[in-house]
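A look at the structure
Spelled out from the first residue to the last, the chains are:
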Amino acid sequence: MRQLTLYGREYCGLCHVMRDALLAQAAGRFTVQWIDIEDIDELEARYGELVPVLTDEAGQEICHYHLDQAALDARLANLG
């Protein structure tokens, strides 16, 4: 099963919206790993104000700020 990674901050409203949207459609398609970047300097420097950022298994960005359903579906199809 595919694993996607969602980078964000626990206090970020957009992060919670994207996480909820992903979890609602994940069953049988993919898993979502949540990483709070708040105390990880390297990730804070990389993603900073872009959160939430969704990446694939290779670390390639799928989307940020808002869930781009078309981009997600295309990436999952290409990984399949």
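The preceding data block contains the structure.
Residues numbered from 1 in each chain as written. Predicted model: local features only at pLDDT ≥ 70, side-chain atom pairs only at ≥ 80, totals over all residues. Heavy atoms only, no water.

1. Regarding helix H1 (residues 13–26)
In a regular helix each residue adds 1.5 Å, so 14 residues correspond to 20 Å; H1 covers 20 Å between its end C-alpha atoms and thus fits that length. Buried within H1 we find Cys15, Met18, Arg19, Leu22, Gln25 and Ala26. Burial along H1 is one-sided: seen end-on, the buried residues are contained in an arc of 140°. Residues of H1 that are exposed and point more than 90 degrees away from the buried face comprise Val17 and Ala24. Where H1 is buried, its residues contact strand E1 (2–8), strand E2 (30–36), strand E3 (53–55), strand E4 (61–64) and helix H3 (69–79). Positioned one or two residues after H1, Gly28 has a phi angle of 80°, which is positive. (Helix = DSSP H or I, 4+ residues; strand = E, 2+ residues; numbered from the N terminus. Expected span 1.5 Å × (residues − 1). Buried < 20%, exposed > 50% of the residue type's maximum accessible area, 1.4 Å probe, protein only. Arc of directions from axis to C-beta. Contact = heavy atoms within 4.5 Å.)

2. As for the nonpolar core
Core analysis: the largest hydrophobic core is formed by 11 residues, namely Leu4, Leu6, Met18, Leu22, Ala26, Phe30, Leu54, Ile62, Cys63, Leu72 and Leu76. Of all the elements in the fold, those that place two or more residues in this core are E1, H1, E4 and H3. Here Leu54 is in contact with Leu4, Thr5, Leu6, Met18, Leu22, Gln60, Glu61, Ile62, Cys63, Leu67 and Leu72, once residues within four sequence places are set aside. One finds Cys12, Cys15, Ile35 and Leu43 within the second-largest nonpolar core, a separate group that totals nine residues. (Core = buried A, V, L, I, M, F, W, Y, C linked by side-chain atoms within 4.5 Å.)

3. Observations concerning the pairing of E2
Both E1 and E2 contribute to a ladder of seven bridges, which runs parallel. Across the sheet, the residue bridging to Tyr7 is Ile35, located in E2. In this view, the connection linking E1 to its parallel neighbour E2 by way of H1 has right-handed handedness. (Pairing = 2+ DSSP bridges. Right-handed = clockwise from strand over helix to strand, strands pointing away.)

4. Regarding the packing of aromatic side chains
By the definition in use, this model includes one aromatic pair. On the basis of an interplanar angle of 25° and a centroid distance of 4.6 Å, the ring pair of Tyr7 and Tyr47 is categorised as stacked. One end of the pair, Tyr7, is in strand E1; the other, Tyr47, is in helix H2 (residues 41–47), with 40 residues separating them in the sequence. Exposure class is identical for Tyr7 and Tyr47. Each is buried. A cation sits over an aromatic face here: Arg19 above Trp34, 4.2 Å from the ring centre. (Phe/Tyr/Trp six-rings, centres within 6.5 Å; stacked < 30°, edge-to-face > 60°. Lys NZ or Arg CZ within 6 Å of the ring centre and 35° of its normal.)

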